[in-house]
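Examining the three-dimensional arrangement
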Amino acid sequence: MQREADEFLRDTLQCYDDGAIEQADLAAYSLVLDQFHNAVVDRRAVIGGPATNLPRMRAG
């Protein structure tokens, strides 16, 4: 799932670079990816896996 989220982020940024989406729309995508990241961290904490090796994503 993390690889899919990374691919989604790359595709989103490429669309932004191409002008297919506007800067204001990036906030919504950023929120979705941030929520996904938080869910992964929370899930790993519940199952006892390490969460420290996950990259932190910046919103905005």
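Presented here is a report on the structure given in the accompanying data block. (Residues numbered from 1 in each chain as written. Predicted model: local features only at pLDDT ≥ 70, side-chain atom pairs only at ≥ 80, totals over all residues. Heavy atoms only, no water.)

**Some points on the packing of helix 1 (residues 2-18) against helix 2 (residues 23-47)**
Where helix 1 meets helix 2, the axes come as close as 11 Å, and the angle between the chain directions of the two elements is 175°. Here helix 1 lies roughly antiparallel to helix 2, going by the angle between them. Contacts between helix 1 and helix 2 pair Gln2, Ala5, Phe8, Leu9, Thr12 and Tyr16 from the former with Gln23, Leu26, Tyr29, Leu33 and Phe36 from the latter. Here the contact of helix 1 with helix 2 is composed, by residue class, of eight nonpolar, three polar and no charged. (Axes fitted to C-alpha atoms, helices over the stretch in contact; angles between N-to-C directions. Helix = DSSP H or I, 4+ residues; strand = E, 2+ residues; numbered from the N terminus. Parallel < 35°, antiparallel > 145°, perpendicular 65-115°, else oblique. Contact = heavy atoms within 4.5 Å. Nonpolar A, V, L, I, M, F, W, Y, C, P; charged D, E, K, R; others polar.)

**Considerations on the environment of alanine 5**
Mapped onto the elements of the fold, alanine 5 is located in helix 1. Note on alanine 5: relative accessible area 10%, which makes it buried. In this structure alanine 5 touches Leu33 and Phe36, once residues within four positions along its chain are discounted. (Buried < 20%, exposed > 50% of the residue type's maximum accessible area, 1.4 Å probe, protein only.)

**Some remarks on helix 2**
A rise of 1.5 Å per residue sets the reference length of helix 2, with its 25 residues, at 36 Å; its end C-alpha atoms lie 37 Å apart and thus fit the reference within 8%. Where helix 2 is concerned, the buried positions are Leu26, Ser30, Leu33, Phe36, His37 and Val40. The inward-facing, buried residues of helix 2 abut helix 1. Remark: glycine 48 follows helix 2 within two positions and exhibits a positive phi of approximately 85°. (Expected span 1.5 Å × (residues − 1).)

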